[in-house]
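Breakdown of the fold
Next come the chains, spelled out residue by residue.
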Amino acid sequence: MCSFRPYSCPYAGSECSVTGDIPYLVNHLRDDHKVDMHSGCTFNHRYVKSNPREVENATWMLTVFHCFGQYFCLHFEAFQLGMAPVYMAFLRFMGDENEARNYSYSLEVGANGRKMVWEGTPRSVRDSHRKVRDSHDGLLIQRNMALFFSGGDRKELKLRITGRIWKET
């Protein structure tokens, strides 16, 4: 429980055993996992899958944001919630829980005159990806709504998720 212990790699989809401080992990994510790195506090991401019925327990590429001199990880994945297939997006702060409370974020998805918005405090990377996902602490989208937001013939997943990170005063 020491607050100076190293952080675990936040990359989801593989069991990565790398640990270290935040600058080391940022370099590791960029160099070894080839994650997308962005600067800025707003984002607009598209998640596309030609056959949305083939994505049970799928994890899309992690995106790392550098904002307010800190790093944040954006996760997006598909999994089963009971018998229902769902998609989930959430943000984790690369630092401790106490520091994470200094920030808030929003995620929004929508189309065809409807939208869903999630607003919250990012969880720390000290909380595992699975722990955050299993607590449903993020934007949770049922498959039928995801397909509705994708437009067209409901045979392709095409979600545009926008977001914003801000510092609490």
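Quick summary incoming for the structure in this document. (Residues numbered from 1 in each chain as written. Predicted model: local features only at pLDDT ≥ 70, side-chain atom pairs only at ≥ 80, totals over all residues. Heavy atoms only, no water.)

Concerning the layout of surface pockets
Picture a little ball the size of a water molecule; that probe, rolled over the atoms, points out where space is still empty. As a reminder of what qualifies: Both cavities and pockets are sets of points on a 1 Å grid over the protein atoms alone; in a cavity a 1.4 Å probe fits but cannot get out, in a pocket the set is open with protein on both sides within 12 Å along at least five of seven lines, and lining residues sit with an atom within 4 Å of a point. Grid points are joined across faces, edges and corners, and a volume is the space filled by probe spheres set on the points. What counts as a helix is a DSSP run of H or I of at least four residues, what counts as a strand is a run of E of at least two, and both are numbered from the N terminus. Residues are grouped as follows: Ala, Val, Leu, Ile, Met, Phe, Trp, Tyr, Cys and Pro are nonpolar; Asp, Glu, Lys and Arg are charged; every other residue, Gly included, is polar.
Reported here for the largest pocket is a volume of approximately 480 Å³. In this structure, the largest pocket is lined by 22 residues; those nearest its centre are Tyr-11, Glu-15, Ser-128, His-129 and Arg-130. Going through the elements one at a time, strand E1 (7–8) and helix H3 (129–134) are the ones with two or more residues in the lining of the largest pocket. The element contributing the most residues to the lining of the largest pocket is H3, with 3 residues. Along the lines of polarity and charge, the residues of the lining of the largest pocket split into 8 nonpolar, 7 polar and 7 charged. A volume near 210 Å³ is recorded for the second largest pocket. Forming the boundary of the second largest pocket are Met-1, Cys-2, Ser-3, Arg-5, Asp-96, Glu-97, Asn-98, Arg-101, Ser-124, Arg-126 and Asp-127. Of the residues assigned to the lining of the second largest pocket, the class counts are 2 nonpolar, 3 polar and 6 charged.

Brief notes about the state of the cysteines
Quick reminder of the rule: Throughout, disulfides are identified as pairs of cysteine sulfur atoms within 2.5 Å of each other. Only protein chains enter the accessibility calculation, which uses a 1.4 Å probe; a residue whose area is less than 20% of its type maximum is buried, one above 50% is exposed, and one in between is partly exposed.
One pass over the full model with this rule turns up 1 disulfide. Between the sulfur atoms of Cys-41 and its disulfide mate Cys-67 the distance is 2.0 Å. Measuring the twist about the S-S bond at about 110°, one finds the Cys-41-Cys-67 disulfide to be right-handed. Of the two residues, Cys-41 sits in the loop between strand E3 (36–39) and strand E4 (42–49) while Cys-67 sits in strand E5 (residues 63–67), which places them 26 residues apart along the sequence. We note that Cys-9 lacks a disulfide partner, and the nearest cysteine sulfur, in Cys-16, lies 3.8 Å from it. Here Cys-73 is not disulfide-linked; the sulfur of Cys-9 is the nearest cysteine sulfur, at 8.5 Å. The exposure class assigned to Cys-73 is buried, which follows from its relative accessible area of 0%.

Quick notes on the sheet that holds strand E9 (residues 114–120)
Selection criterion: Here the rule is simple: two strands pair whenever DSSP picks up at least two bridges between them. For every element, the axis is a line fit to its C-alpha atoms; helices are fit only across the contacting stretch, and the angle between N-to-C directions ranges from 0 to 180 degrees. Here, residues are in contact when the closest pair of their heavy atoms is within 4.5 Å.
Spatial ordering of the open sheet is given by E4-E12-E8-E9, a layout of 4 strands whose pairing is antiparallel. Since the sheet does not close on itself, it has two edges, and those belong to E4 and E9, each with one partner. Averaged over all pairs of adjacent strands, the angle between their axes in this sheet comes to 20°, without regard to strand direction. In terms of strand pairing, strand E8 (residues 103–111) meets strand E12 (residues 157–167) through 7 bridges, oriented antiparallel. Across the sheet, residue Val-109 finds its bridge partner in E12, namely Ile-161. Against the sheet, helix H4 (residues 143–150) touches E8, E9 and E12, its axis set at about 95° to E12.

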